[in-house]
Amino acid sequence: MKILKSALIIVGLLTIVFVSVNATQQAPNSKIQEYVKTNANDRPVKDYNIYALPMPENINFAGEEVPLDDPDIYERMDRELLVNTYWQSNALLLIKRANKYFPIIEPILKEEGIPDDFKYLAVIESGLTQAVSPAGARGFWQIMKGTGRDYGLEINDNVDERYHIEKSTRVAADYLKRSKAKFGSWTMAAAAYNAGNRGVERQLERQKVDDYYELLLNTETGRYMFRILALKEILTNPEQYGFNFEEKHLYKNILTRTVKVDTVVNDFADFAKHFNINYKILKIHNPWLREAHLNNASRKEYEIKIPEENSYTAVK
């Protein structure tokens with residue numbers, strides 16, 4: 001028994017030595033190697049390991065350079081790239097929604113003379129949803145009630161045009177142009193969209209600087225531009241950040257036609273059936289209609305979107 005026991009111990013020790021030597025020979029070098037495989041369509045698919053992200057070169061917002069040679073700016077940019085890249089579900093949803101809504105927003109910004117990069121401001125404001133903030137801001141562009149009315153939006157119990165994508169985009173564009181004229185840069189205009197013109201002006205005076213990247217701001221406004229820049233980078237180059245999808249996975253905008261209404265609408269459920277859709281579909285395409293009816297005592301003309309025929313299953 002002693003001989004057998006000794007033999008087993010020797011075999012065990014030899015096995016351990018062999019495994020250790022073999023593992024050492026096969027271990028990767030100290031440099032992290034990115035493992036890449038391909039899917040059925042031979043498209044590169046990154047594995048689920050977590051990697052530090054290389055900082056993109058020449059980052060800019062609306063043509064205005066981001067001073068990445070400043071260590072503080074570098075760290076803040078790196079943080080937002082990491083947070084938004086590895087919050088994968090949220091970033092992928094934003095990529096899908098952008099395909100649906102950017103074609104609506106982009107031509108309006110261009111027509112209004114606003115740089116295309118500002119579409120990413122809408123992304124961080126609302127996630128391209130009809131969001132409601134704790135402070136009462138609403139819609140894609142998170143417009144407050146007083147600001148919306150000041151800029152000509154109709155806001156009442158029946159109608160709230162802060163939820164109207166096209167009209168609210170024009171209001172945001174107008175606000176941004178005024179901020180740009182006041183502060184002299186698009187970066188400062190974007191920051192003022194978050195903190196308010198007066199809030200930004202007060203900090204510039206107090207800190208005796210004239211550049212967003214030189215300001216010490218509260219956490220939200222301090223992260224604001226870097227979140228915009230990070231999502232611009234990720235949504236522009238999604239595959240570089242590990243997001244794999246095909247065209248069929250992206251959300252599509254439904255084609256609609258416009259119906260003009262200048263009368264009272266007593267019941268939008270009946271109104272919807274008249275166009276062979278249901279109440280839910282009507283409200284999805286016209287979120288600015290806030291109730292199940294429209295008083296319209298003034299006989300104002302409204303433009304209501306109706307999906308093109310066969311876009312949805314017909315209401316029986």
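The shown structure was predicted, so the numbers you read here are calculated from the model rather than taken from an experiment.

**What to know about the packing of helix α4 (residues 119–126) against helix α9 (residues 219–236)**
For step 1, the next point in the chain: At their nearest, the axes of α4 and α9 sit 9 Å apart, and the two run at 110° to each other. Comparing the axis directions of α4 and α9 gives the class roughly perpendicular. In this structure, α4 crosses over α9, and the sense of that crossing is right-handed. Contacts between α4 and α9 involve Y120, L121, V123, I124 and E125 on the former and, on the latter, Y224, R227, I228, L231, K232, L235 and T236.

**Structural notes on the packing of aromatic side chains**
For step 1, the next point in the chain: Enumeration over the complete set of coordinates arrives at 13 aromatic pairs.
For step 2, the next point in the chain: Taken together, a centroid distance of 5.6 Å and an interplanar angle of 85° make the contact between Y175 and Y193 edge-to-face. You can see Y175 sitting in helix α6 (residues 165–183) and its partner Y193 sitting in helix α7 (residues 186–195), a full 18 residues away along the chain. Neither residue differs from the other here; Y175 and Y193 are each classed as buried.
For step 3, the next point in the chain: Ring centres of F268 and F271 lie 5.6 Å apart, and the angle between their planes is 90°; on these two criteria the pair is classed as edge-to-face. Residue F268 and its partner F271 are located together in helix α10 (residues 268–274), separated by three residues, close to a single helical turn. An identical accessibility class is assigned to F268 and F271; each is buried.
For step 4, the next point in the chain: The positively charged end of K180 is found above the aromatic ring belonging to W186, 5.2 Å away from the centroid.
For step 5, the next point in the chain: A cation over a ring is seen here: R290 above Y163, with NZ or CZ 3.9 Å from the ring centre.

**A short note on the packing of α7 against α9**
For step 1, the next point in the chain: At a closest axis distance of 9 Å, the pairing of α7 and α9 adopts a crossing angle of 130°. In terms of orientation, α7 and α9 fall into the oblique class. Two packed elements cross with a definite hand, and for α7 against α9 that hand is right-handed. Contacts from T187, A190, A191, Y193, N194 and A195 in α7 reach E220, T221, Y224, M225 and I228 in α9.
For step 2, the next point in the chain: When grouped by side-chain class, the residues that make up the contact of α7 with α9 number seven nonpolar, three polar and one charged.

**Describing unusual backbone geometry**
For step 1, the next point in the chain: Look at A62: it is not a glycine, yet its phi comes out positive at around 55°.
For step 2, the next point in the chain: Take A62: it is sitting in the loop between β3 (60–61) and β4 (64–65).
For step 3, the next point in the chain: For N296, which is not a glycine, the phi torsion comes out positive at approximately 45°.
For step 4, the next point in the chain: Counting through the fold element by element, N296 comes out in the loop between α11 (279–285) and β6 (302–307).
For step 5, the next point in the chain: Residue class for N296 comes out buried when judged on its relative accessible area of 5%.

**Looking at the environment of E309**
For step 1, the next point in the chain: Relative to the elements of secondary structure, E309 occurs in the segment after β6.
For step 2, the next point in the chain: Using a relative accessible area of 70% as the deciding quantity, one classes E309 as exposed.
For step 3, the next point in the chain: The sequence separation of E309 and I277 amounts to 32 residues, and the corresponding C-alpha distance is 9.2 Å.

**Comments concerning the side chain of N286**
For step 1, the next point in the chain: Mapped onto the elements, N286 comes out in the loop between α11 and β6.
For step 2, the next point in the chain: Residue contacts for N286: discarding those within four places in its chain leaves E303, I304 and K305.

**A look at a negative patch on the surface**
For step 1, the next point in the chain: Where like charges cluster on the molecular surface, the negative patch consists of E65, D69, D70, D210, D211 and E214.
For step 2, the next point in the chain: For D70, a relative accessible area of 30% translates into the label partly exposed.

**A word on the confidence of the model for the chain**
For step 1, the next point in the chain: Scored by pLDDT, the chain comes out at a mean of 88, with 83% of its residues at no less than 70.
For step 2, the next point in the chain: A low-confidence stretch, residues 16–36 (pLDDT under 50), is modelled with nine contacts involving residues beyond four sequence positions or located in other chains.

About the criteria used
Residues numbered from 1 in each chain as written. Predicted model: local features only at pLDDT ≥ 70, side-chain atom pairs only at ≥ 80, totals over all residues. Heavy atoms only, no water. Axes fitted to C-alpha atoms, helices over the stretch in contact; angles between N-to-C directions. Helix = DSSP H or I, 4+ residues; strand = E, 2+ residues; numbered from the N terminus. Parallel < 35°, antiparallel > 145°, perpendicular 65-115°, else oblique. Left-handed = near helix turned anticlockwise from the far one by under 90°. Contact = heavy atoms within 4.5 Å. Phe/Tyr/Trp six-rings, centres within 6.5 Å; stacked < 30°, edge-to-face > 60°. Buried < 20%, exposed > 50% of the residue type's maximum accessible area, 1.4 Å probe, protein only. Lys NZ or Arg CZ within 6 Å of the ring centre and 35° of its normal. Nonpolar A, V, L, I, M, F, W, Y, C, P; charged D, E, K, R; others polar. Patch = residues over 30% accessible without salt bridge, like charges linked within 9 Å, V, L, I, M, F, W, Y side chains within 5 Å. Areas by Shrake-Rupley, 256 points an atom, 1.4 Å probe, with all protein chains shown as cover. Salt bridge = Lys/Arg side-chain N within 4 Å of Asp/Glu carboxyl O. Lys, Arg positive; Asp, Glu negative; His and termini not counted. Charge placed at Lys NZ, Arg CZ, Asp CG, Glu CD. pLDDT = per-residue confidence, 0-100.

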